[in-house]
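A look at the structure
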Amino acid sequence: MLILTVESSCDETSAAVVRDGRYILSNIIATQVDMHACYGGVVPELAARKHLESCPVVIDRALQSAGVELADIEGIAVTSGPGLIGALLVGMSAAKALAFALNIPVVGVHHIEGHILAPFLHNDSGSCGLEFPYLALAVSGGHTHLYRVDGIGSYSLIGQTLDDAAGEAFDKVAKMAGLTYPGGALIDKLSRSGDSNYFKFPRPMLNRPGFDFSFSGIKTAVLNQIKKLEQPLEGDLLNHLAASFQEAVVEVLSCKAFKAAQEYDLKRIVVAGGVACNSGLRERFNYMAGTAGVEVYFPSPLLCADNAAMLAVAGDYYLSRGDSSTLDLNAQANWPLQTVGGPLDKQG
Ligand code: KG4
Ligand code: ZN
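Presented here is an overview of the structure given in this document.

Reading the values: the criteria
Residues numbered from 1 in each chain as written. Chains lettered and ligands numbered in written order. Predicted model: local features only at pLDDT ≥ 70, side-chain atom pairs only at ≥ 80, totals over all residues. Heavy atoms only, no water. Patch = residues over 30% accessible without salt bridge, like charges linked within 9 Å, V, L, I, M, F, W, Y side chains within 5 Å. Areas by Shrake-Rupley, 256 points an atom, 1.4 Å probe, with all protein chains shown as cover. Salt bridge = Lys/Arg side-chain N within 4 Å of Asp/Glu carboxyl O. Lys, Arg positive; Asp, Glu negative; His and termini not counted. Charge placed at Lys NZ, Arg CZ, Asp CG, Glu CD. Helix = DSSP H or I, 4+ residues; strand = E, 2+ residues; numbered from the N terminus. Donors = N, O, S within 2.8 Å, 3.2 Å for Na, K, Ca; no water. Buried < 20%, exposed > 50% of the residue type's maximum accessible area, 1.4 Å probe, protein only. Contact = heavy atoms within 4.5 Å. Core = buried A, V, L, I, M, F, W, Y, C linked by side-chain atoms within 4.5 Å. Pairing = 2+ DSSP bridges. Axes fitted to C-alpha atoms, helices over the stretch in contact; angles between N-to-C directions.

**Quick notes on a negative patch on the surface**
On the surface, a cluster of negative charge is contributed by Asp20, Glu69, Asp72 and Glu74. If you trace the backbone, Glu74 turns up in the loop between α2 (44–66) and β4 (75–81).

Following this line, the structure appears as structure tokens:
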């Protein structure tokens, strides 16, 4: 099946053309990050307006770049939640209008479902080797969740953050350190030149039973440390601060994930979402995989960040079995992944 996918849940407008839920023919991403940077975070109303401007252009480019016509498209998948309500509605309106005009089915897909199925995608005929069941760690600006994934549409929640998401903590620490928004990638870059043992930051909930996370304590500890240092913070001290903070987050994420894999007897771990781009996290998971006898799968960095192609794995699966949404499909700003498949799911 040849499908068009549309993503607009936050500050990236993206459209992709994907064949059979696996082969990416195009994946166009228009980021709004520069527009929001001066506000220190995403401004929902501005995001929605920019999506409105970008959506038709991005869809056109996705079709062109894939070398296909609108008439070739057999179905559409669109992020219907969770995310910023105004932003979601723009992509969904475009997807539903196209589906109506072309008389083809449309299906709403959960944003995190897209992220954690992304390793199945590729640009060639090879296979990624990933099989169900697996443990998924979704780490992004809004999520730090552990799921057991038994198949497409079958997700059980194992643990989640009780306060900030890991990406949110990266962005807030970056802001405190005087870096621009979003700071995750900058902290990652600075960390490479820093000493991760220089400052001692807490590892919240690491030794507690269960698989929930908390990042607000690390963030406060970093703030208290910054207040004690000479301003403006720069040079080696800034690098050490970045490296020590990153190390604390990486240790908590990796230890909890591997403990969960062991407890649930899962031999595969998928790490997905924007924070999965982090070089320290990738290094640690790959290292621990060797000793734990677990296989770790990271989507490519392009497929870790918000993009439309990632929706195609679930979208193609649902559409191929005739499970489409009606045109009154609604956006859901809050939508727990483990309820995917429930009554609100396709009807909105
Ligand atoms: O999945 P994503 O693109 O958007 C959401 O769904 O939230 O994730 C964005 C988050 C931001 O918090 C950003 O700072 C973080 O991912 N991020 C990183 C890195 N690249 C992006 N965090 C740590 N290290 C990185 N290299
Ligand atoms: Zn995301």
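So, next bit.
**Let's talk about the coordination of the zinc ion (ligand 2)**
At the metal site, the zinc ion (ligand 2) is ligated by His111 (NE2), His115 (NE2) and Asp306 (OD), and these contacts range over 2.0 to 2.1 Å. Each donor residue of the zinc ion (ligand 2) belongs to the same chain, and together they define the spacing H-x3-H-x190-D. You can see His111 sitting in helix α4 (residues 111–117) and its partner Asp306 sitting in the loop between α10 (301–304) and α11 (312–320), a full 195 residues away along the chain. For the pair shown, His111 and Asp306 are each scored as buried.

**Considering helix α5 (residues 166–176)**
Ala166, Gly167, Ala169, Phe170, Asp171, Val173 and Ala174 are the residues of α5 that are buried. Those residues of α5 that are buried are in contact with β6 (134–139), β7 (144–151), α6 (184–191), α7 (216–228) and α8 (235–263).

**Notes on the pattern of salt bridges**
Tallied over the entire structure, the rule returns eleven salt bridges. The partner of Glu53 in a salt bridge is Lys50, and the shortest N-O contact between them spans 3.1 Å. Here Glu53 pairs with Lys50, and both are found in helix α2, just three residues apart, close to one helical turn. Judged by its relative accessible area of 28%, Lys50 is partly exposed. Measuring nitrogen to oxygen at the nearest pair gives 3.4 Å for the salt bridge that ties Lys172 to Asp164.

**So, the nonpolar core**
If you look at the biggest cluster of nonpolar residues, it comprises 48 residues, and the most contacted ones within it are Phe245, Val271 and Phe285. Looking at this core, the elements that each hand over two or more residues are β6, α5, α7, α8, β9 (268–272) and α9 (279–292). Here this core gets 13 residues from one element, more than from any other, and that element is α8. When neighbours within four sequence positions are excluded, Phe285 is seen to be in contact with Leu137, Leu253, Ser254, Ala257, Phe258, Ile269, Val271, Val296 and Phe298.

**Quick look at the sheet that holds β4**
The strand order across the open sheet built from five strands is β3-β2-β1-β4-β5, with neighbouring strands paired in mixed fashion. Looking at which strands have only one partner, the edges of the open sheet turn out to be β3 (23–31) and β5 (106–110). Taking each pair of neighbouring strands and ignoring which way they run, the sheet shows an average axis angle of 20°. With five bridges joining them, β4 and β5 adopt parallel strand pairing. Considered in β5, the bridge of Val78 is made with Gly108. Seen against the sheet, α2 touches β1 (2–7), β2 (12–19) and β3 and runs at an angle of roughly 25° to β2.

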